[in-house]
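# Observations on the three-dimensional arrangement
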Amino acid sequence: RQMQRRSEPRPAPTFIGCGHVARLSAIKKIGGYVPAPGGYGGEEKDLSLRLIDAGYKIMLLPGVHLWHDKTNVARDLFEQHRSGVCNDFAMTLRRTPLAALPVALLVKFYRHLRFARSRGFRESFWRGLKLFVQSIPDLWQSREPVRMVALREYLKISRDNAEENRTLQKETKLTKDGLKEQS
């Protein structure tokens, strides 16, 4: 796969909610944002997956910049992590086709636990998982899985973006290291 230049629009698996542009007709067609039991976070991933399933593309526009003033007001990292864990599991339960669901939930469990252990968020991980488990009956009622082809496309775009980001980070580091040697 050929790398795209950093300034060119490229497919993305999802977006950041504070800075996005979307066709209102597309959002309406898929039913808009769906409430998640954890409250904060993850709604963009759910919306993106459903948009991909409906045939739309999520595009990253690298030349477009947005300033989002972040404050510490209502930004409790413990609560954000708890909510993010719960909502990621909720999205997985709602959107993953049944044939892939057991593996998807196990992968989510492993990745979230590994992250929590490495960052000191074990307690918020377990609380997020507990909230998810308590929410399963309601989540199951609202379950509308995407097609397997949409899930595969979403995962491929995610992997491609991760690979491209790693390459760009290496190139940036090499450039910075070269500048240090010249000075």
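This text gives an overview of the structure that appears in the document. Keep in mind that this is a model prediction, so the values were computed, not measured.

Rules of the game
- Residues numbered from 1 in each chain as written.
- Predicted model: local features only at pLDDT ≥ 70, side-chain atom pairs only at ≥ 80, totals over all residues.
- Heavy atoms only, no water.
- Core = buried A, V, L, I, M, F, W, Y, C linked by side-chain atoms within 4.5 Å.
- Buried < 20%, exposed > 50% of the residue type's maximum accessible area, 1.4 Å probe, protein only.
- Helix = DSSP H or I, 4+ residues; strand = E, 2+ residues; numbered from the N terminus.
- Contact = heavy atoms within 4.5 Å.
- Salt bridge = Lys/Arg side-chain N within 4 Å of Asp/Glu carboxyl O.
- Expected span 1.5 Å × (residues − 1).
- Bend = angle between axes of the 7 residues up to and from the residue.
- Axes fitted to C-alpha atoms, helices over the stretch in contact; angles between N-to-C directions.
- Left-handed = near helix turned anticlockwise from the far one by under 90°.
- Nonpolar A, V, L, I, M, F, W, Y, C, P; charged D, E, K, R; others polar.
- Polar contact = N/O pair within 3.5 Å; in protein donor to acceptor, adjacent residues only side chain to side chain.
- Phe/Tyr/Trp six-rings, centres within 6.5 Å; stacked < 30°, edge-to-face > 60°.
- Lys, Arg positive; Asp, Glu negative; His and termini not counted.

## Digging into the nonpolar core
Membership of the largest hydrophobic core comes to 15 residues, with the highest contact counts inside it found for Leu47, Leu49, Leu51, Ile52, Ile58 and Val146. Listed by contribution, the elements that provide at least two residues to this core are α1 (24–29), α2 (43–53) and α6 (148–182). Ranked by the residues each element gives to this core, the list is headed by α2, at four residues. With residues near it in sequence (within four places) discarded, leucine 49 still touches Met91, Arg95, Val146, Ala150, Leu151 and Tyr154.

## Quick word on the pattern of salt bridges
Pairing of side chains with opposite charge becomes possible as their charged atoms draw close. Taken as a whole, this structure holds eight salt bridges when the rule is applied. A salt bridge links glutamate 79 to arginine 82, with the nearest nitrogen and oxygen atoms 2.8 Å apart. With a gap of three residues between them, glutamate 79 and arginine 82 both fall in helix α3 (residues 77–95), about one helical turn apart. The exposure class assigned to glutamate 79 is partly exposed, which follows from its relative accessible area of 31%. When salt bridges that share partners are traced, they join Lys45, Asp88 and Lys108 into one network.

## With respect to helix α5 (residues 122–141)
Taking 1.5 Å as the rise per residue, α5 with 20 residues should run 28 Å; its terminal C-alpha atoms sit 29 Å apart, in good agreement. In α5, a bend of some 55° at serine 135 exceeds every other bend along the element, and proline 137, a proline, comes one to four places later. Listed as buried for α5 are Ser124, Phe125, Gly128, Leu129, Phe132, Ser135 and Leu139. Where the residues of α5 are buried, they touch α3 and α4 (101–119).

## Thoughts on the packing of α3 against α5
Direction vectors running N to C along α3 and α5 enclose 35°, while the axes themselves pass 8 Å from each other. In this structure, the crossing between α3 and α5 has a hand that is right-handed. For the pair α3 and α5, the contacting residues are Phe78, His81, Arg82, Val85, Cys86, Phe89, Ala90, Leu93 and Arg94 in the first and Glu123, Ser124, Phe125, Arg127, Gly128, Leu129, Leu131, Phe132, Ile136, Leu139 and Trp140 in the second. Across the contact of α3 with α5, the residue classes break down as 13 nonpolar, three polar and four charged.

## Here's the deal with the environment of serine 135
For serine 135, the position within the fold is in helix α5. One polar contact links the side chain of serine 135 to the main-chain carbonyl oxygen of leucine 131, over a distance of 2.7 Å.

## Structural notes on α2
By the criterion of burial, α2 is predominantly enclosed, with eight of the 11 residues buried. When α2 is considered as a whole, its buried residues turn out to be Glu44, Asp46, Leu47, Ser48, Leu49, Arg50, Leu51 and Ile52. Of the residues trailing α2, glycine 55 is marked for its positive phi of about 95°.

## Concerning the environment of alanine 99
Mapped onto the elements of the fold, alanine 99 is located in the loop between α3 and α4. Among the residues examined, alanine 99 registers a relative accessible area of 73% and is labelled exposed. Residues alanine 99 and methionine 148, 49 residues apart in the sequence, show an inter-C-alpha distance of 9.0 Å.

## What about the packing of aromatic side chains?
Overall, the coordinates contain four aromatic pairs when judged by the stated rule. Between phenylalanine 125 and tryptophan 126, the ring centres sit 4.8 Å apart and the planes meet at 70°, which makes this aromatic pair edge-to-face. Residue class for phenylalanine 125 comes out buried when judged on its relative accessible area of 0%. Linked through ring pairs, Phe109, Phe125 and Trp126 together constitute an aromatic cluster.

## Considerations on the side chain of glutamate 44
Along the chain, glutamate 44 falls in helix α2. Here glutamate 44 occupies a buried position and makes no salt bridge, while the nearest side chain of opposite charge, lysine 45, is found at 8.9 Å. What glutamate 44 contacts, discounting residues up to four positions off in sequence, is Thr14, Phe15, Ile16, Gly17 and Tyr33.

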